[in-house]
Amino acid sequence: MGFKKDFVWGTATASYQIEGAWNEDGKGESIWDVYSHQPGNVSLGHTGDVACDHYHRFKEDIALMRELGIKAYRFSISWTRIFPDGTGKVNENGVKFYSDLIDELLKNGIEPYITLFHWDYPYALFKKGSWLNDESVNWFAEYAGKVVELYSDRVKYFITFNEPQCFIGCGYLGGEHAPFLKMGYKAVFQMCHNVLKAHGAAVIAMREKAKQPIKIGYAPTGSAVYPLTDSPEDIEAAREKYFECKPLGTGTMWSVSWWSDPVILGHYPEEGLKMYKDYLPEITEEDMKLISQPIDFYCQNMYNGVTVKAGENGKAEWVKREVGYPRTSINWPITPKCMHYGPKFLYERYKLPFFISENGMACHDAVSLDGKVHDPNRIDFLNRYLVELEKAADDGVDVCGYFLWSFMDNYEWANGYTERFGIVFVDYETQQRIPKDSAYWYKNWIKEHS
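A brief report on the enclosed structure follows. All values derive from a computational prediction rather than experimental measurement.

Another aspect to go through is unusual backbone geometry. With an omega of 10 degrees, the peptide bond between alanine 178 and proline 179 qualifies as cis. When you line up the elements, proline 179 lands in the loop between α8 (164-173) and α9 (185-209). The linkage connecting tryptophan 405 with the following residue, serine 406, adopts the cis geometry, with an omega of 5 degrees. Mapping serine 406 onto the fold places it in the loop between β11 (399-405) and β12 (424-427). Phi angles above zero are rare outside glycine, and alanine 21 is one such case at about 45 degrees. Note that alanine 21 resides in the loop between α1 (15-18) and α2 (31-36). At lysine 351, a residue that is not glycine, the phi angle is positive and equals roughly 55 degrees. The residue lysine 351 is located in the loop between α14 (338-350) and β10 (354-359) in this model. By relative accessible area, lysine 351 is classed as exposed at 61%.

In structure tokens:
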């Protein structure tokens, strides 16, 4: 069976991580612009001021995508390039940049997939309370509607949020990402609820403004769970653990069901409502109706997972990682099996066309004496994960596409430029691009599976 004939083979990036031009052509400041400049927040004091200079080099980058056989490109729009203050006046220079980018993609036969929000929140709105302000629902809907109004004559695919678990959990609870805050659970759960309402309000605004029929998706994340063996007991134990809500203080924000059940099933998981009851805002039927506006596809950013087995008493148990388990340069475990069972469990529960919106590996890449970048570990990683994703397709999962993270090395948030996820090497001093061995491997993989 394998992958569909029209399977979408793509790659992905995010605006703040690659664009640079942080204060050019009327762009407003985002929280990453402001807080990356504050000492102590980001590794080695790195900022995204220049990043990969994609703002000035996008034509060169898109030509390279075409050369590498990339069929689709998932990129995010910087909210403050469109609305410098988050709302109100539109910045025509920012509008033109993305319009030119889209035209260039189409000219090169690459399908654009727009992500509306990949963490670079407008600083002007942050000063008004960010996601804690109930008006944030309308701010995001205004922005989403404007983007669709501007670009839906040429773009068919839009994704509302990238990894709300990260931008809320790491940004406002754990303090590892901009704006580097550690707030209490009562405030954070209010933010979670407003983000989900903003997603629903955006879906309504986007449908209203669309100039042609569009497809709307949503891209959360979370550590996938897979069974120790393929026995029915272990599979059931893994499924149960994948969707359970995490107790306070133990990865609470990383619950898959808390962020996805409301959007697709129309209700929060009962287990979470009981567990978090002392910290939750008022949740009305009207809220749930807004949050669960119908979407067309469901995405997941998936990098690794955790093993589960059925214990002797039949109770699901976490399996400890083996001594010396394989890991990436950023210290994430390498667990290919997550790409079989993660999509399988998600599709069984949510029954929507499914995309892997991010998957890839950070490696210790360097230019070799021959002038090339050899990354056999990344090739092996991608091969193993994609073989497992094909198993999910064979199991009947409606897997529609895969976006490799990332097209090129970039600004890895609080890690600055210390981690390289790209299949294209970037020399940040000269801005030279060098396709790694994995880029040519992916080109061949696409050719063989299209």
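On we go from here.
The next point concerns helix α11 (residues 256-265). Of all the ten residues making up α11, eight are buried; the element is thus mostly covered by neighbouring parts of the structure. Listed in full, the buried residues belonging to α11 are Val256, Ser257, Trp258, Trp259, Ser260, Asp261, Pro262 and Val263. Backbone geometry just after α11 places glycine 266 at a positive phi near 85 degrees.

Take the pairing of β12 next. When β12 meets strand β13 (residues 432-435), the two strands line up antiparallel, connected through four bridges. Bridge assignment links aspartate 427 to a residue of β13, and that residue is glutamine 432. Linkage of β12 to β13, two consecutive antiparallel strands, is achieved through a turn of four residues, within which glutamine 431 is found at a positive phi near 65 degrees.

Time to look at helix α10 (residues 232-242). Every buried residue of α10 is listed here: Asp234, Ile235, Ala237, Ala238, Lys241 and Tyr242. Mapping the buried residues of α10 onto a view down its axis gives an arc of 160 degrees, with all of them on the same face. For α10, the exposed residues set more than 90 degrees away from the buried face come down to Pro232 and Glu233. Turning to α10, the residues buried within the fold contact β6 (224-227), α11, β7 (298-301), β8 (305-310), β9 (316-318) and α14.

Quick look at the nonpolar core now. Core analysis: the biggest nonpolar cluster contains 134 residues, and Trp32, Trp79, Trp131, Phe140, Tyr151, Ile168 and Tyr402 have the highest contact counts within it. In terms of residue count, the dominant contributor to this core is α9 (ten residues). Residues Ala72, Ala219, Tyr303 and Phe421 belong to the second largest nonpolar core, which totals 17 residues.

The subject of this paragraph is the sheet that holds β9. Note: strands within a sheet are paired through backbone hydrogen bonds, in either parallel or antiparallel orientation. An order of β6-β8-β9 is seen for the three strands of this open sheet, with the pairing classed as mixed. Taken across any chain shown, the strands that pair with only one partner, and hence form the sheet edges, are β6 and β9. Strand after strand, the sheet turns through a mean of 40 degrees between neighbouring axes, direction not considered. Here three bridges tie β8 to β9, and the two strands are oriented antiparallel to one another. Counterpart to valine 308 in the pairing with β9 is tryptophan 318. Along the sheet face, α10 touches β6, β8 and β9 and points at about 130 degrees away from the line of β8. Each of β6 and β8 touches α14; the most contacted strand, β6, lies at about 105 degrees to it.

Conventions and cut-offs
- Going along each chain's sequence as written, the residues are numbered from 1 onward.
- Per-residue local features are limited, in this predicted model, to residues with pLDDT of at least 70; the limit for side-chain atom pairs, both in listing and counting, is 80 or more; totals at the level of whole chains, interfaces and linings are taken over all residues.
- Side-chain calculation: all heavy atoms of the structure are included, whereas hydrogens and water are not.
- Strands here mean DSSP runs of E at least two residues long; helices mean DSSP runs of H or I at least four residues long; both are numbered from the N terminus.
- When accessible area is computed with a 1.4 Å probe and restricted to protein chains, residues below 20% of their type maximum are described as buried, those above 50% as exposed, and intermediate ones as partly exposed.
- Strand pairing follows a simple DSSP-based rule, namely that at least 2 bridges must link the two strands.
- In this description, one arc is meant: the one made by directions from the helix axis to the C-beta atoms.
- Pairs of residues are marked as contacts when any of their non-hydrogen atoms sit within 4.5 Å.
- Working definition of a nonpolar core: buried Ala, Val, Leu, Ile, Met, Phe, Trp, Tyr and Cys residues. They are joined through side-chain atoms within 4.5 Å.
- In this analysis an axis means a line fitted to C-alpha atoms, helices contributing only their contacting stretch, and an angle means the value between N-to-C directions, from 0 to 180 degrees.

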